[in-house]
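Chains, contacts and geometry: an overview
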Amino acid sequence: MEKTQFLFIEDCSSTEQTWNDLVDCLNKLGINLLPERVIIHDDLEAEFHCFQGSPSIKVDGVDLWKREQVEFHMGYRSYTTPDGLSDRPTKEMLSDQLNLHIHTVS
């Protein structure tokens, strides 16, 4: 794992909890890497970063929950969790995806 990005829009209510969960999961996995925080300010930046909604997490340039999308724009994101739709992934979902990425690239 070389680079982790945390992409979000400024008024997203789930930003800080998702950020804290991500940092906690990385630490628990023994990954000493502080993700880069990327604020998406407009649709041009959303297009440039292939932004799929706030908050999003990319590892080595790949969104952890990538969807096939043609257009990218500012907006919020929803995640399908064991308890239904949510505005952020659960800690377990984060750990699972990070583990999957670690074992896929090693």
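Everything below is about the structure shown above.
Okay, so let's go over this structure.

Criteria and cut-off values
Residues numbered from 1 in each chain as written. Predicted model: local features only at pLDDT ≥ 70, side-chain atom pairs only at ≥ 80, totals over all residues. Heavy atoms only, no water. Core = buried A, V, L, I, M, F, W, Y, C linked by side-chain atoms within 4.5 Å. Buried < 20%, exposed > 50% of the residue type's maximum accessible area, 1.4 Å probe, protein only. Contact = heavy atoms within 4.5 Å. Pairing = 2+ DSSP bridges. Helix = DSSP H or I, 4+ residues; strand = E, 2+ residues; numbered from the N terminus. Axes fitted to C-alpha atoms, helices over the stretch in contact; angles between N-to-C directions. Phe/Tyr/Trp six-rings, centres within 6.5 Å; stacked < 30°, edge-to-face > 60°. Lys NZ or Arg CZ within 6 Å of the ring centre and 35° of its normal.

1. Concerning the nonpolar core
Judged by nonpolar contacts, the single largest core of 15 residues is most densely connected at Phe 6, Leu 22, Ile 57, Leu 64, Trp 65, Leu 94 and Leu 98. Excluding residues that lie within four positions of it along the chain, Leu 98 makes contacts with Met 1, Leu 22, Cys 25, Leu 26, Leu 29, Val 59 and Leu 64. Listed in part, the seven residues of the second largest apolar core include Leu 7, Cys 12, Val 38 and Ile 40.

2. Regarding the sheet that holds strand E3 (residues 56–59)
With respect to topology, four strands assemble into an open sheet ordered E2-E1-E3-E4, the strand pairing being mixed. The outermost strands of the open sheet, each flanked by one partner alone, are strand E2 (36–39) and strand E4 (62–63). In terms of strand pairing, E3 meets E4 through two bridges, oriented antiparallel. Bridge pairing in E4 places Val 59 opposite Val 62. Helix H1 (residues 15–28) rests against strand E1 (4–8), E2 and E3 of the sheet, and its axis sits at about 170° to E1.

3. So, the packing of aromatic side chains
Across all of its chains, the model carries three aromatic pairs by this definition. Centroid distance Phe 6 to Phe 8: 5.5 Å. Interplanar angle 40°. Geometry classified as tilted. The same class applies to Phe 6 and to Phe 8, which are both buried. Taken together, a centroid distance of 5.4 Å and an interplanar angle of 70° make the contact between Phe 6 and Trp 19 edge-to-face. Here Phe 6, found in strand E1, pairs with Trp 19, found in helix H1; they are 13 residues apart in sequence, far enough to count as distant. This pair shows no difference in class: Phe 6 is buried, exactly as Trp 19 is. Of the aromatic side chains, those joined through ring pairs into one cluster are Phe 6, Phe 8 and Trp 19. Here the basic side chain of Arg 37 rests over the ring of Trp 19, its NZ or CZ set 4.6 Å away from the ring centre.

Structural measurements only, silent on function.
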